[in-house]
Amino acid sequence: DLAHRGASDGTIIVADEQTAGKGRLGRSWHSPSGSGIWTSIILRPKLPPQRAPQFTLIAAVSVVHAIRKQTGLEAEIKWPNDILIDGKKVVGILTELQAEADQIKSIIIGMGINVNASKEDFPDELTTATSLKIESGRDITRSALLAAILNELETLYEEYLNNGFRMIKLLWESYAVSLGRKIKARTLNGVIEGLAKGITEEGVLLLEDESGKMHYIYSADIEIC
């Protein structure tokens, strides 16, 4: 709503709790009060809409940098929008676009970060999630972590606008947990198995199947084999 009403580039919205948090493909996101960072950032880059997917990757690198600096934990990226620690999901990133045919009107980068949740805070069926507190063994100051993420995001956003995606692409690939490994990509058209080779300049995943054919994966759920 704020984006539609003309909120400025760089507007930040933070909630202490979400009662209807959402992830990719309309999935629910468990976000109890006082335990995490639930935030959305409105950006208004003067770019064509096809550049929008890169912003999920810019956000992912920003979060990984901040987590590593603030906690010392070895956070990694799972394409397209998950941050993992020791194979378990700690952050989800959801990017939404408002655009005309040739111009982005706004990009909303939504982040859900499990910061100080304990194991008891997660539903029993949610076995693939973790929190920074669980992994580090200590409480994390949410405000300091959010400030670190926003500082990293601003730096990378300016780098991107001034110099393009190249440096961010290299950083993203250096933190990617799936590159060089066999994966299954579950797309709307079926399942493709193969080796994750990298990403394109547009942020599209490159997957090489057993026959040597390269597939360009724009949207999928990824499983590491």
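Residues numbered from 1 in each chain as written. Predicted model: local features only at pLDDT ≥ 70, side-chain atom pairs only at ≥ 80, totals over all residues. Heavy atoms only, no water.

Draft legend 1. Just the overall build of the protein, in detail. Summing up its helical and strand segments, the protein has 4 helices and 11 strands in all. Taken over the C-alpha trace, the protein has a radius of gyration of 17 Å; the compact-globule value for 225 residues is 17 Å, and the two agree within 12%. Counting only C-alpha atoms and orienting by the principal axes, one finds that the protein spans roughly 50 × 40 × 30 Å. Sorting the 225 residues of the protein into buried and exposed places 48% on the buried side. Restricting the contact set of the protein to residue pairs at least 6 apart, pairs at least 24 apart contribute 60%. For the protein, the distance from the average position of its 25 positive side-chain charges to the average position of its 30 negative side-chain charges is 2 Å. (Helix = DSSP H or I, 4+ residues; strand = E, 2+ residues; numbered from the N terminus. Rg over C-alpha atoms; globule rule 2.2 N^0.38 Å. Buried < 20%, exposed > 50% of the residue type's maximum accessible area, 1.4 Å probe, protein only. Contact = heavy atoms within 4.5 Å. Lys, Arg positive; Asp, Glu negative; His and termini not counted. Charge placed at Lys NZ, Arg CZ, Asp CG, Glu CD.)

Draft legend 2. How the structure looks around the packing of helix α1 (residues 54-71) against helix α3 (residues 142-163). Where α1 contacts α3, the two axes come as close as 8 Å, and the packing angle between them is 135°. One finds that α1 runs oblique with respect to α3. Relative to α3, α1 is oriented so that their crossing is right-handed. For the pair α1 and α3, the contacting residues are Q54, F55, I58, A59, V61, S62, V63, H65, A66, I67, K69 and Q70 in the first and A144, L145, A148, I149, E152, L153, L156, Y157 and Y160 in the second. Along the lines of polarity and charge, the residues of the contact of α1 with α3 split into 15 nonpolar, 4 polar and 2 charged. (Axes fitted to C-alpha atoms, helices over the stretch in contact; angles between N-to-C directions. Parallel < 35°, antiparallel > 145°, perpendicular 65-115°, else oblique. Left-handed = near helix turned anticlockwise from the far one by under 90°. Nonpolar A, V, L, I, M, F, W, Y, C, P; charged D, E, K, R; others polar.)

Draft legend 3. View of the nonpolar core. Ranked by size, the top nonpolar core spans 55 residues in total, and within it I83, M111, L132 and L145 carry the most contacts. By residue number, the principal contributor to this core is α1, which donates 10 residues. If we skip the residues at most four places from it in the chain, M111 touches I37, W38, T39, I41, A59, V63, G92, I93, I149 and L153. (Core = buried A, V, L, I, M, F, W, Y, C linked by side-chain atoms within 4.5 Å.)

Draft legend 4. Spotlight on the layout of surface pockets. Counted as a void, the second largest pocket has a volume near 470 Å³. Forming the walls of the second largest pocket are 22 residues, and the residues nearest its centre are P53, T56, W79, P80 and Y218. For the lining of the second largest pocket, the elements supplying multiple residues, two or more each, are α1 and β5 (88-99). At 5 residues, the largest contribution of residues to the lining of the second largest pocket is made by β5. Along the lines of polarity and charge, the residues of the lining of the second largest pocket split into 12 nonpolar, 7 polar and 3 charged. (1 Å grid on protein atoms, 1.4 Å probe; cavity = no way out; pocket = protein on both sides within 12 Å on 5 of 7 lines; lining within 4 Å. Points joined across faces, edges and corners; volume = space filled by probe spheres on them.)

Draft legend 5. Quick peek at the packing of aromatic side chains. All told, the structure shown has 3 aromatic pairs when counted by the stated rule. Here F55 and Y160 contribute two aromatic rings whose centre-to-centre distance is 5.2 Å and whose plane-to-plane angle is 80°, an arrangement assigned as edge-to-face. With F55 in helix α1 and Y160 in helix α3, this residue pair connects regions lying 105 residues apart in the sequence. Its relative accessible area of 1% is what places Y160 among the buried residues. Between Y160 and F165 the ring centres are 6.3 Å apart and the planes differ by 90°, which places this aromatic pair in the edge-to-face class. The pair Y160 / F165 is uniform in exposure class, with both members buried. Taken together, the aromatic side chains of F55, Y157, Y160 and F165 make up a single cluster linked through ring pairs. (Phe/Tyr/Trp six-rings, centres within 6.5 Å; stacked < 30°, edge-to-face > 60°.)

Draft legend 6. Quick peek at the environment of L57. Secondary-structure assignment places L57 in helix α1. Assessed through its relative accessible area of 2%, L57 is described here as buried. Between the C-alpha atom of L57 and that of D82, which follows or precedes it by 25 residues, the distance is 9.9 Å. If near-sequence neighbours (up to four positions away) are discounted, L57 is found in contact with W79, P80, F165, W172, I199 and G203.

Draft legend 7. Focus on unusual backbone geometry. A cis amide bond links W79 to the next residue, P80, at an omega of 0°. With respect to the element layout, P80 can be found in the loop between β3 (76-78) and β4 (82-85). The phi torsion at D86 lies on the positive side, around 55°, for a residue other than glycine. For D86, the position within the fold is in the loop between β4 and β5. Overall, D86 belongs to the exposed group, its relative accessible area being 70%.

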